[in-house]
Amino acid sequence: MSSSSSSVPRLVIAAPSSGSGKTTVATGLMAAFASRGLAVSPHKVGPDYIDPGYHALATGRVGRNLDAYLCGPELVGPLFAHGARGCDLAVVEGVMGMFDGAAGEGELASTAHVAKLLRAPVVLVVDASSQSRSVAALVHGFASWDPEVRVGGVILNKVASDRHEVLLREALDSAGVPVLGVLRRVPQVDTPSRHLGLVPVAERQGAAVEAVAAMGAQVDAGCDLEGLLALARSAGVLSGAGWDAAEALASSPPPPLPVPSLGAAPPDPRFGPEGASSSNAGRAECVGLSPKVNGQAENAGPRPKVNGQADVAASSKVRVAVAGGPAFTFSYAEHAELLTAAGAEVVVFDPLRDEELPDGTRGLVIGGGFPEVYASELSANEPLRKAVGALAESGAPVAAECAGLLYLCRELDGMPMCGVLDASGRMSERLTLGYRDAVALSDSVLAVAGTRMRGHEFHRTVVEPGSGAAPAWGVRAPDRRVEGFVQQGVHASYLHTHWAAEPGVARRFVERCRTS
């Protein structure tokens, strides 16, 4: 890992519940401090893809997620330091209520958990619209619930009037937590929502720029920025160093060479608690490993370095196309960084506009997003649909998550898609949302059968059938089921995973690009 970023001042923005105004305050703080010339590092607790888009717009830097469930608590600090490298300040937006985390896992992946891992002070955003003196009891409860979490200030949101503000401040005088901001209702900062939350920045363009500017102006006018910056500078020192994609690859086991043909594995033996490989905290263990011999993976030592960098199988880069544009906005920045470090040239294309895959494409990554919103436009782009189908038919690696799964189906809401998978997708009234503990049931371009990984689902669609002859995953928790498709070089699933948890995913994918 690279040099430490432990001295970067930082704040965690939390709230008693969802809907209190965390995104408005966090994005507004980022914009306000950036407008004063500070380099602000934006972060989001949890797996959400949408809020980081607004953070990036506010700061001019990539928004990054800090998820202690997907990546493990031990990677939260290094991933934070990676994103905050060279910055003057880091602002971390929390998730849900401050103590809400992975269901049934205690504090794991909650805002409070991440604040403790980062040794960062917390600013509590309170929706004060329907209370006055009771706010003191609320703040006192959150400030005292866990003595390891330091609530250093409160920002009161949706305050109705000057008189209302006076009542709130008088009540909070006895709570021992300073008021660092008071915000009134401002229509300009409202951001439109739909079936999966806020509308992503890529779909709003000019309107999103105006909304972020309004958030910044409101926070600048209503908050004590100097007091907040002083609080950020009181954060504790972090031990360790920043995460680095090349170093992560260098210390991860190499894939088998040559990459074997990918066949189906029986789903049932890998599903039970005794049959699946397991690593620390149940995360990925054997992604990218050779077959095990006497319980150990062959060639499992660190990959040698060349000039301080992880070696790659060939000197020339292979081109990996990554779907982008308004229909495919869900991606973690570390995925592209790992692919690049593994020897890929990452090229982004827009399935709504581009009629061909980038020249020389050897592999394809299609992440999450909203294909259901753009189904007619995606369907109308027949040349690209045929190009994707031909690439998959050739055996080239294709990794598809959620929206990518829908795009590879035969049809979506009755409209033709790529036809790679003999399945159809449709919108549903039911929201599927939550963390998942899963095990790979089939050897694929991403994992060997038996690999345990953690992921999350976030969709209001249904794919029928939900899995193929060679399923991608056996979901172990919260309910047991098989899910997804593995065929030839295609790995398609609803499950979103974070490759920083197991860099071997990227290496295995790139090596398959070289050999397919």
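Use the structure listed above.
Please read these numbers as outputs of a predicted model, since none were measured by experiment.

Asker: Any chance you could break down unusual backbone geometry for me, citing the residues and the numbers?
Answerer: A cis amide bond, omega -5°, links Glu464 with the succeeding residue Pro465. With respect to the element layout, Pro465 can be found in the loop between β21 (452-464) and β22 (473-477). Positive phi, close to 50°, is recorded for Gln488, a residue that is not glycine. With respect to the secondary-structure elements, Gln488 resides in the loop between β24 (485-487) and β25 (490-493).

Asker: Go over the sheet that holds strand β7 (residues 179-184), please, and point to the residues and values.
Answerer: Pairing within the open sheet is parallel, and its seven strands lie in the order β3-β2-β4-β1-β5-β6-β7. With one partner strand each, in any of the chains shown, β3 (64-66) and β7 form the two edges of the open sheet. Ignoring which end each strand starts from, the neighbouring axes of this sheet average 25° apart. As paired strands, strand β2 (residues 40-45) and β3 are joined by three bridges and run parallel to one another. Counterpart to Lys44 in the pairing with β3 is Asn65. Across the sheet, helix α1 (residues 22-35) touches β1 (10-14), β2, β4 (89-93), β5 (122-127), β6 (151-159) and β7, and the angle it forms with β4 is around 165°. Along the sheet face, helix α4 (residues 111-118) touches β1, β2, β3, β4 and β5 and points at about 170° away from the line of β1.

Asker: Which residues make up the packing of aromatic side chains, and what values do they have?
Answerer: Here the structure, examined in full by the defined rule, presents seven aromatic pairs. Between Tyr49 and Phe330, the ring centres sit 4.8 Å apart and the planes meet at 10°, which makes this aromatic pair stacked. Within this pair, whereas Tyr49 is found in the loop between β2 and α2 (50-59), its partner Phe330 is found in the loop between β14 (318-323) and α11 (333-341), the two being separated by 281 residues in sequence. Taken individually, Tyr49 and Phe330 each receive the classification buried, so the pair is uniform in this respect.

Asker: Got a sec to walk through empty space enclosed by the protein? Specific residues and values, please.
Answerer: The final tally for this structure, using the stated rule, is two cavities of 30 Å³ or more. Roughly 40 Å³ of volume is contained in the largest cavity. Around the largest cavity, the lining is made up of ten residues, and of these Gly369, Glu372, Cys402, Leu406 and His459 lie nearest the centre. Within the residue set of the lining of the largest cavity, elements represented by two or more residues are α14 (403-408) and β21.

What counts and how
- Residues numbered from 1 in each chain as written.
- Predicted model: local features only at pLDDT ≥ 70, side-chain atom pairs only at ≥ 80, totals over all residues.
- Heavy atoms only, no water.
- Helix = DSSP H or I, 4+ residues; strand = E, 2+ residues; numbered from the N terminus.
- Pairing = 2+ DSSP bridges.
- Axes fitted to C-alpha atoms, helices over the stretch in contact; angles between N-to-C directions.
- Contact = heavy atoms within 4.5 Å.
- Phe/Tyr/Trp six-rings, centres within 6.5 Å; stacked < 30°, edge-to-face > 60°.
- Buried < 20%, exposed > 50% of the residue type's maximum accessible area, 1.4 Å probe, protein only.
- 1 Å grid on protein atoms, 1.4 Å probe; cavity = no way out; pocket = protein on both sides within 12 Å on 5 of 7 lines; lining within 4 Å.
- Points joined across faces, edges and corners; volume = space filled by probe spheres on them.

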